[in-house]
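Here's the letter readout for the chains.
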Amino acid sequence: MTLDKDKMLQYCNDFSKNTLMQTLNIEFIDAGEGFLVAKMPVNPSVHQPMGLLHGGASVALAESVGSAASHFFINDREQEVRGIEISANHLKSIREGFVFGTARIIHKGRTLHLWEIKVTDEAGNLISLCKLTNMVLTKEKKQ
């Protein structure tokens, strides 16, 4: 499958408007065959009470980038994607800067997509390691 990187990123950033992704300032910044990358700023709006990146914000980044990536393997006029399971291991903390979520396809089936999402800091340190399973559904026909 040949994908146009600029169109992919524009598509992802456009559909993020007025969503949690916009609230968290998630921006899709790189894409290619079998992967998608987004970045999110780390500041008090995504901190937990101890002043560190909240694990839930890391998971929101991971699910956002993994779910968006599945859209490039479906016919979006006839199908839609639903995340059905996500797991995360938080390995390191961060107080400020940016984190990057890189989703890489592990399994691309007809009805299930399995993604590994690595959340890293600007130095490439692994912050969280996530696994996301997406289900591909047929859209219901509108009457």
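Residues numbered from 1 in each chain as written. Predicted model: local features only at pLDDT ≥ 70, side-chain atom pairs only at ≥ 80, totals over all residues. Heavy atoms only, no water.

For clarity, the cut-off: UniProt positions are given in the numbering used here, feature names are shortened, and annotations may be inferred rather than shown by experiment.
By the naming in an unreviewed UniProt entry, the protein goes by ComA operon protein 2 and is assigned to Flavobacterium frigoris. What UniProt states about the protein under its Sequence similarities (unreviewed entry) heading is, verbatim, "Belongs to the thioesterase PaaI family."

### Re the UniProt feature "domain: Thioesterase" (unreviewed entry) in the protein
Filter applied, for reference: Only DSSP runs of H or I covering at least 4 residues are called helices, and only runs of E covering at least 2 are called strands; the numbering of each starts at the N terminus.
Mapped onto this numbering, the UniProt entry gives "domain: Thioesterase" (unreviewed entry) at residues 50-126. Each end of residues 50-126 is marked by a C-alpha atom, and these two atoms are 20 Å apart; helix forms 21% of the span and strand 45%.

### Some points on the environment of Lys92
Relative to the helices and strands, Lys92 resides in the loop between strand 3 (79-90) and strand 4 (97-108). When the C-alpha positions of Lys92 and Met50 are compared, they lie 14 Å apart, and in sequence the two are 42 residues distant.

### Here we look at the nonpolar core
Using the following cut-off: In plain words, nonpolar cores are sets of buried Ala, Val, Leu, Ile, Met, Phe, Trp, Tyr and Cys residues tied together by side-chain atoms within 4.5 Å. Partly exposed residues are those whose accessible area sits between 20% and 50% of the maximum for their type, while under 20% is buried and over 50% is exposed, using a 1.4 Å probe and protein chains only. Throughout, a contact is declared for two residues whenever any of their heavy atoms are within 4.5 Å.
The biggest cluster of nonpolar side chains holds 31 residues, and the ones touching the most others in it are Phe28, Leu36, Met40, Leu53, Val99 and Ile117. By residue number, the principal contributor to this core is helix 3 (residues 55-70), which donates seven residues. The residues contacting Ile117, other than those within four sequence positions of it, are Ala62, Val65, Gly66, Gly101, Thr102, Ala103, Ser128, Leu129, Cys130 and Leu132.

### Topic: helix 3
We apply this condition: The length a helix should cover is 1.5 Å for every residue beyond the first.
The end-to-end C-alpha distance of helix 3, which contains 16 residues, comes to 23 Å, matching closely the 22 Å that a straight helix rising 1.5 Å per residue would cover. For helix 3, the tally of buried residues reaches twelve of 16 residues, placing the bulk of the element in the interior. Every buried residue belonging to helix 3 is among Ala57, Ser58, Ala60, Leu61, Ala62, Ser64, Val65, Gly66, Ser67, Ala68, Ala69 and Ser70, and all of these are buried.

### Re the sheet that holds strand 2 (residues 35-42)
Stated precisely, the cut-off is as follows: A pair of strands counts as paired when DSSP detects no fewer than two bridges linking them. Structural elements are reduced to axes, namely lines fitted to C-alpha atoms, with helices fitted over the stretch in contact, and the angle between N-to-C directions of any two is expressed from 0 to 180 degrees.
Spatially, 1-2-4-5-6-3 is the arrangement adopted by the six strands of the open sheet, whose pairing is antiparallel. The open sheet has two edge strands, strand 1 (27-32) and strand 3, and neither has a second partner. Across this sheet, the average inter-strand angle for adjacent strands is 25°, counted without regard to direction. Summarising the sheet, strand 5 (residues 112-121) and strand 6 (residues 126-138) pair through nine bridges and their orientation is antiparallel. The residue bridging Leu114 from the neighbouring strand is Thr133, located in strand 6. Sheet strands in contact with helix 1 (residues 5-15) are strand 1 and strand 2, and its direction is about 150° off that of strand 1. Across the sheet, helix 3 touches strand 1, strand 2, strand 3, strand 4, strand 5 and strand 6, and the angle it forms with strand 3 is around 145°.

### Overview of helix 1
Stated formally: The directions from the helix axis to the C-beta atoms are what the arc is built from.
Among the residues making up helix 1, those that are buried are Met8, Leu9 and Cys12. Taken end-on, helix 1 shows its buried residues confined to a sector of 95°, consistent with a single buried face. Residues of helix 1 that are exposed and point over 90 degrees away from its buried face: Asp6 and Lys7.

### Some words on the state of the cysteines
For clarity, the cut-off: Put simply, a disulfide is two cysteine sulfurs that come within 2.5 Å.
In total, this model carries zero disulfides according to the counting rule given. Cys12 forms no disulfide, and the closest cysteine sulfur to it belongs to Cys130, at a distance of 18 Å.

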